[in-house]
2 protein chains.
Amino acid sequence: MDAFAAVADPTRRGVLRLLRDRERAAGDLAVAFPALSQPAVSRHLRVLREAGLVTVRIDEQRRLYSLRPEGLVEIESWLTSLRTFWSQGLDALERHLDVQTAAKAAGEEPAKRDSKRSKPSKSRLAKSAHAQRKEGKRR
Amino acid sequence: MDAFAAVADPTRRGVLRLLRDRERAAGDLAVAFPALSQPAVSRHLRVLREAGLVTVRIDEQRRLYSLRPEGLVEIESWLTSLRTFWSQGLDALERHLDVQTAAKAAGEEPAKRDSKRSKPSKSRLAKSAHAQRKEGKRR
DNA sequence: TCGCTATTTAACAGATGCGTTATATAACGT
DNA sequence: ACGTTATATAACGCATCTGTTAAATAGCGA
């Protein structure tokens, strides 16, 4: 399970949130989620571990979990790559959307406005999906 | 489906990636994923729409999808809240992990996993998970 | 070794997600 | 109204996720 899927679960986000401040024993984390059984939390921990989001350290009989920030970098950078302009402040956002729309129009495929365009050179958007899939499908 | 779950799917991330540059018609997006059928992509679009990550604009018979940056703010801010210190440079990170372990001691809250059943009064993280669940908590 | 605490693993059930094909809806042009 | 294009919805199968209980594993102390 990758980092994106790992953080898709609210419980796991809760765990990460708890680990943000300090490392914690598996049992303590389990107690933090009274609605879940201890094995359930244990498995969430496994998922987080396998996703590289947390690390474990053994202390006596306990397992101490802590946040592994590197694991979040994947998400961070994805978000960054998606950002490009619009930051997250909606002000800067609108500004950039405008700028971008105007600027892009110059060097990019129009991809809008005039309805029935011919077939622009579609960088990666190939032929007809229907046609393509239909070759060899029943009925 | 919330934003986190929405972006957990690689295809949907692919769609967002395509929409980063410009708005696109549903059909063009479908063509961009030759491995999937058109209805499959259409449903991904629905998920993204319901998660607030994209918006649709009707143009003739087509639906033009575009990125809705506000929808990503939720993830952005979650990431930020989790960051707090360690930015993503591992230097600052290690520094803070040390500092934090020593300095931090109080001031967080357990996560809220859904419905009506919960024990918020539980001080912080108590002792035995077993013991706690065992006290009349069968379902 | 025994017994206790802490945690993981196993086995299974129910919910949910994703894909497919078939069909419906929408808007256009003739 | 009809045919075509564009897109969404319906119905369904199957895999995966999440939770549960029961049992296994691990470390400690008597």
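Coordinates for the structure precede this section.
Quick notes on the rules
- Residues numbered from 1 in each chain as written.
- Chains lettered and ligands numbered in written order.
- Predicted model: local features only at pLDDT ≥ 70, side-chain atom pairs only at ≥ 80, totals over all residues.
- Heavy atoms only, no water.
- Phe/Tyr/Trp six-rings, centres within 6.5 Å; stacked < 30°, edge-to-face > 60°.
- Helix = DSSP H or I, 4+ residues; strand = E, 2+ residues; numbered from the N terminus.
- Buried < 20%, exposed > 50% of the residue type's maximum accessible area, 1.4 Å probe, protein only.
- Lys NZ or Arg CZ within 6 Å of the ring centre and 35° of its normal.
- Pairing = 2+ DSSP bridges.
- Contact = heavy atoms within 4.5 Å.
- Axes fitted to C-alpha atoms, helices over the stretch in contact; angles between N-to-C directions.
- Parallel < 35°, antiparallel > 145°, perpendicular 65-115°, else oblique.
- Nonpolar A, V, L, I, M, F, W, Y, C, P; charged D, E, K, R; others polar.
- Core = buried A, V, L, I, M, F, W, Y, C linked by side-chain atoms within 4.5 Å.
- Domains from an automatic or database assignment.
- Polar contact = N/O pair within 3.5 Å; in protein donor to acceptor, adjacent residues only side chain to side chain.
- Salt bridge = Lys/Arg side-chain N within 4 Å of Asp/Glu carboxyl O.

Chemist: Looking at this structure, I do not really get the packing of aromatic side chains. What am I missing?
Modeler: Given two aromatic rings, one states the distance between the centres and the angle between the planes to describe the pair. Summed over the entire model, instances satisfying the criterion amount to two aromatic pairs over all chains. Where Phe4(A) meets Trp78(A), the ring centres are 5.3 Å apart and the plane angle is 80 degrees; that geometry is what we call edge-to-face. Pair noted here: Phe4(A) is in helix α1 (residues 3-6) and Trp78(A) is in helix α5 (residues 70-83), with a separation of 74 residues, a long-range link. When sorted by exposure, Phe4(A) lands in the same class as Trp78(A), which is buried. One cation-aromatic arrangement involves Arg13(A) over Phe4(B); the distance from NZ or CZ to the ring centre is 3.9 Å.

Chemist: Looking at this model, I keep getting lost on the sheet that holds strand β3 (residues 62-67) of chain A. Mind explaining?
Modeler: Sheet strands pair by backbone hydrogen bonding; their relative direction is either parallel or antiparallel. All names here are of chain A. Pairing is antiparallel across the open sheet formed by three strands, whose spatial order is β1-β3-β2. A single partner strand is all that each edge strand has here, and the edge strands are β1 (24-25) and β2 (54-59). Along the sheet, helix α4 (residues 38-50) makes contact with β2 and β3, crossing β2 at roughly 120 degrees.

Chemist: Explain the pairing of strand β3 (residues 62-67) of chain B here, please?
Modeler: Put simply, side chains in a regular strand alternate between the two faces of the sheet. Residue and element names in this part refer to chain B. As paired elements, strand β1 (residues 24-25) and β3 share two bridges and run antiparallel to each other. Among the inter-strand pairings, Arg24 is bridged to a residue of β3, identified as Tyr65. Sheet analysis places strand β2 (residues 54-59) next to β3, joined by six bridges and oriented antiparallel. Bridge assignment links Arg57 to a residue of β3, and that residue is Leu64.

Chemist: Just to check I follow, could you spell out the sheet that holds β2(B) for this structure?
Modeler: Residue and element names in this part refer to chain B. Strands sit in the order β1-β3-β2 across an open sheet of three strands; the sheet is antiparallel. Each having just a single partner strand, β1 and β2 make up the two edges of the open sheet. Here helix α4 (residues 38-50) sits on the sheet and contacts β2 and β3; the angle it forms with β2, its principal contact strand, is near 120 degrees.

Chemist: Can you walk me through the packing of helix α2 (residues 10-21) of chain B against α4(B) in this structure?
Modeler: Packed helix pairs are specified by the crossing angle of their axes together with the interaxial distance, meaning the distance between the axes. Residue and element names in this part refer to chain B. Closest axis-to-axis distance for the α2/α4 pair is 10 Å, and the angle between their directions is 75 degrees. One element, α2, and the other, α4, form an angle in the roughly perpendicular class. In this structure, α2 contributes Thr11, Arg12, Val15 and Leu16 to the contact, and α4 contributes His44, Leu45, Val47 and Leu48. Taken together, the residues of the contact of α2 with α4 sort by class into five nonpolar, two polar and one charged.

Chemist: How should I be thinking about the nonpolar core in this particular structure?
Modeler: Most often, soluble globular proteins have nonpolar side chains that are buried together. Within the largest apolar cluster, 53 residues are counted, with the highest numbers of intra-cluster contacts made by Leu16(A), Leu53(A), Leu16(B) and Leu53(B). Here this core gathers at least three residues from each of two domains, domain 1 (3-68) and domain 2 (75-107) of chain A. Ignoring sequence-local partners within four residues, the contact set of Leu16(A) consists of Val7(A), Leu48(A), Leu53(A), Val54(A), Leu67(A), Trp78(B) and Leu82(B).

Chemist: What should I look at first to understand the environment of Glu23(B) in this one?
Modeler: Residue and element names in this part refer to chain B. With respect to the helices and strands, the residue Glu23 is situated in the loop between α2 and β1. By relative accessible area, which is 14% here, Glu23 ends up buried. Separated by 32 residues in the primary sequence, Glu23 and Thr55 place their C-alpha atoms 9.4 Å from one another. One polar contact links Glu23 to Arg57, side chain to side chain, over a distance of 2.6 Å.

Chemist: Honestly, the side chain of Asp21(B) in this entry has me stumped. Any pointers?
Modeler: Residues and elements named next belong to chain B. Within the secondary structure, Asp21 is located in helix α2. Residue classification places Asp21 among the buried residues on the basis of a relative accessible area of 18%. A polar side-chain atom of Asp21 sits 3.1 Å from a polar atom in the side chain of Arg20.

Chemist: Would you take a moment to explain the pattern of salt bridges for this structure?
Modeler: Where charged atoms from two side chains of opposite charge come close, those side chains can pair. Residue and element names in this part refer to chain A. Taken as a whole and judged by the stated rule, the model has 14 salt bridges over all chains. Salt-bridge contacts for Asp21 lead to Arg20; the nearest nitrogen and oxygen are separated by 3.1 Å. When sorted by exposure, Asp21 lands in the same class as Arg20, which is buried. Of the charged contacts in the structure, one is a salt bridge between Arg46 and Glu50, with a shortest N-O distance of 3.9 Å. In this pair, Arg46 and Glu50 both sit in helix α4, four residues apart, roughly one turn of the helix. Assessed through its relative accessible area of 55%, Glu50 is described here as exposed. Here the salt bridges share partners, and the residues they tie into one network are Arg17, Arg20 and Asp21.

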